[in-house]
2 protein chains.
Amino acid sequence: MAKKKEQVKEKPLSAELRIKEAARKVFTQKGYAAARTRDIAEEAGMNLALLNYYYRSKEKLFELVMLESIKEFFLGLTGILNNPDTGLGEKLELLADSYISMLIREPNFPLFMLSELQANPDKLIELTGTKDFMNKSVFFQQMAAHLKKNKMNFSPMHVVMNMIGLTVFPFIGKPMIKLMSGMKDKEFLQLMEERRKLIPVWMKTMFKIN
Amino acid sequence: MAKKKEQVKEKPLSAELRIKEAARKVFTQKGYAAARTRDIAEEAGMNLALLNYYYRSKEKLFELVMLESIKEFFLGLTGILNNPDTGLGEKLELLADSYISMLIREPNFPLFMLSELQANPDKLIELTGTKDFMNKSVFFQQMAAHLKKNKMNFSPMHVVMNMIGLTVFPFIGKPMIKLMSGMKDKEFLQLMEERRKLIPVWMKTMFKIN
DNA sequence: AAATAATTTAATCATTTGATTAATTTTAAC
DNA sequence: GTTAAAATTAATCAAATGATTAAATTATTT
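Residues numbered from 1 in each chain as written. Chains lettered and ligands numbered in written order. Predicted model: local features only at pLDDT ≥ 70, side-chain atom pairs only at ≥ 80, totals over all residues. Heavy atoms only, no water.

Draft legend 1. Highlighting the overall build of chain A. Check the secondary structure of chain A and you find eleven helices and zero strands. The order of α-helices and β-strands along chain A, N terminus first, is α-α-α-α-α-α-α-α-α-α-α. Dimensions of chain A, computed from C-alpha atoms along their principal axes, come out at roughly 65 × 45 × 30 Å. Expressed as a percentage of the 210 residues in chain A, the buried residues total 50%. Long-range pairs, those at least 24 residues apart, make up 67% of the contacts in chain A with a sequence separation of at least 6. Per element, the accessible surface of chain A, about 10,500 Å² overall, is 54% carbon and sulfur. (Helix = DSSP H or I, 4+ residues; strand = E, 2+ residues; numbered from the N terminus. Buried < 20%, exposed > 50% of the residue type's maximum accessible area, 1.4 Å probe, protein only. Contact = heavy atoms within 4.5 Å. Areas by Shrake-Rupley, 256 points an atom, 1.4 Å probe, with all protein chains shown as cover.)

Structure, rendered in structure tokens:
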């Protein structure tokens, strides 16, 4: 049953990877429960049995895809957060810029990730291995010092939540925002581009940075 | 098959309503696709067939529950937004207070609503009937005037997005926030209570209100 | 109290869906 | 070129799941 996998690794041709990327797309779009293995096979243009041949099961495939995406997400995040050579303002600018770009490229990713995290928080904790990396981050330390110096007596986690909220929420809430405002996709995208610059300005104003 | 429904309306006893509320709970927790009719029946402590007896199908039941929740949500929102007797600052305070309370009570509602809106945007548009009510709201007008006066050249929709993002995001992102910070439920709740007061302050600072 | 209607239940159906199998084709090794 | 391994396919299985039915029970009406 489990024939290859460990032995062959240097030659990932088409089928195997195409299934994985199709899975990423379908899972991200519909979520785990609503995604059918047949959808994934069709999206990849492959026979359904290949999914099980290469990845054993829907769940295994999901875990793989999910883990990869989350790892990448956290890596990008910590890369900016832990740079000791940038100040708070610059970090906020880099975060906004990098995440707006990512979100324009992959607008469905956050809702997918948050939904699955909600549906199965424990699994993701063991899957990622990452835990409370935020508290130890350079950003967190810098922000804690800044808040103390400026007599703002609240947790730096508020700052983190605000930053993510301002950046990510519009993408998660896009259908609702379009529903409330009657906006079209093009206008929406333009607003998101504006936020690339505006979010750091707002954040700095809010927390008296610079 | 469809025996009652139109005739009897004044005596909604146990069964029918219990199923609906069980459905709300299960749908909200797991989403449409992952929610099984058997889960709902079990949650309501009722026979599975009653679900179809009273509500015809899983989908009909879902639409009903969803529509009710969204209607209520938008009603609360527009109630505050369209009050001509309150200023911008006060509106922000009322919004934060009312929504933090709602979110502590129903922490799963936003992710549910946004997920389903994403999965099926068109259906919800026809289901709610509401469309671009934001642009015409008193709040929107007040904010447009304020932004213009203070030389902030961007759409009031940014303000709306920020407000919702700051308020709602932490609840949507709770599992991720806990994962990043190692926070426990109690601490999380305390932070949310702090935000009740902090969010209006931040918003006013950000947009130079008062 | 009898009759009718409404509610509830247990059993079952039909479809969907994740997974497997056995056969076939393609690729690689010798 | 033959053989063995890997990849691929079509067909099928088994479990899950939404839905229905027919019978039983309870409530309501007359």
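Draft legend 2. Local environment of the relation of the copies chain A and chain B. Superposing chain A onto chain B takes a rotation of 180 degrees combined with a translation of 0.0 Å along the rotation axis, leaving an RMSD of 0.0 Å. Taken together, these values place the two copies in the relation of a two-fold axis. Ranked by how close their C-alpha atoms come to the rotation axis, the residues of chain A are headed by G165 of chain A, at 2.3 Å. Mapped onto chain B, 100% of the interface residues of chain A are again interface residues, and the two copies thus contact each other with one and the same surface. (Least-squares fit on C-alpha atoms with pLDDT ≥ 70 in both.)

Draft legend 3. Representation of the interface of chain A and chain B. The partner chain B presents 52 residues to the 52 residues of chain A that form the contact. Interface of chain A and chain B: buried area, both sides summed, is about 4,700 Å²; carbon and sulfur atoms make up 76% of it. Summed over the shared surface of chain A and chain B, the result is zero salt bridges. Viewed at the interface, chain B and chain A are joined by 19 residue pairs in polar contact (both at pLDDT 80 or more). Ranked by residue count, the leading element in the side of chain A that touches chain B is helix α9 (residues 156-172) of chain A, at twelve residues. A per-class count over the side of chain A that touches chain B returns 34 nonpolar, 14 polar and four charged. (Buried area = accessible area lost by both parts, 1.4 Å probe. Salt bridge = Lys/Arg side-chain N within 4 Å of Asp/Glu carboxyl O. Polar contact = N/O pair within 3.5 Å; in protein donor to acceptor, adjacent residues only side chain to side chain. Nonpolar A, V, L, I, M, F, W, Y, C, P; charged D, E, K, R; others polar.)

Draft legend 4. Local environment of the packing of aromatic side chains. Residues and elements named next belong to chain A. One pass over the structure, following the stated rule, counts 30 aromatic pairs over all chains. With a centroid separation of 6.5 Å and 50 degrees between ring planes, the pair formed by F109 and F112 is classed as tilted. Placement of both F109 and F112 in helix α6 (residues 109-119) is noted, with a separation of three residues, approximately one turn of the helix. Accessibility classification places F109 together with F112 in one group, the buried group. Three or more aromatic residues joined by ring pairs form one cluster here, namely F27, Y32, F62, F73, F74, Y99, F109, F112 and F133. One residue, K58, lies across the ring of Y32, its end atom 4.3 Å from the ring centre. (Phe/Tyr/Trp six-rings, centres within 6.5 Å; stacked < 30°, edge-to-face > 60°. Lys NZ or Arg CZ within 6 Å of the ring centre and 35° of its normal.)

Draft legend 5. Looking closely at unusual backbone geometry. A positive phi is found at D132 of chain A, a non-glycine position, where the angle reads about 35 degrees. Looking at the secondary structure, you find D132 of chain A in the loop between α7 (121-128) and α8 (138-149). Although it is not a glycine, R56 of chain B adopts a positive phi angle of roughly 70 degrees. You can see R56 of chain B is positioned in the loop between α3 (48-55) and α4 (58-81). Take R56 of chain B: its relative accessible area is 54%, and that puts it in the exposed class.

Draft legend 6. Focus on helix α7 (residues 121-128) of chain B. For α7 of chain B, the set of buried residues is K123, L124, L127 and T128 of chain B. Buried residues of α7 of chain B fall within an arc of 115 degrees about the axis and therefore sit on the same side. Relative to its buried face, α7 of chain B has exposed residues pointing more than 90 degrees away, namely D122 and E126 of chain B. On its buried face, α7 of chain B sits against α10 (174-181) of chain A together with α4 and α6 (109-119) of chain B. (Arc of directions from axis to C-beta.)

Draft legend 7. Representation of the layout of surface pockets in the model. Counted as a void, the largest pocket has a volume near 920 Å³. K30 and G31 of chain A together with K30, G31 and A33 of chain B are the residues nearest the centre of the largest pocket, which is lined by 37 residues in total. Among the secondary structure elements, those contributing two or more residues to the lining of the largest pocket are α1 (15-34), α4 (58-81), α6 and α7 of chain A together with α1 (15-34), α4, α6 and α7 of chain B. A total of eight residues in the lining of the largest pocket trace back to one element, the largest contributor, which is α1 of chain A. Here the lining of the largest pocket is built from residues that sort into 17 nonpolar, twelve polar and eight charged. (1 Å grid on protein atoms, 1.4 Å probe; cavity = no way out; pocket = protein on both sides within 12 Å on 5 of 7 lines; lining within 4 Å. Points joined across faces, edges and corners; volume = space filled by probe spheres on them.)

Draft legend 8. Layout of the domain arrangement of chain A. Residue and element names in this part refer to chain A. You can read the domains of chain A as domain 1 (12-56) and domain 2 (65-206). Between the C-alpha centres of domain 1 and domain 2 the distance comes to 29 Å. Between domain 1 and domain 2, the buried area comes to about 670 Å², and carbon and sulfur atoms account for 56% of it. Per-residue buried area on domain 1 facing domain 2 is highest for K20, R24 and T28; these three make up 68% of the total on that side. (Domains from an automatic or database assignment.)

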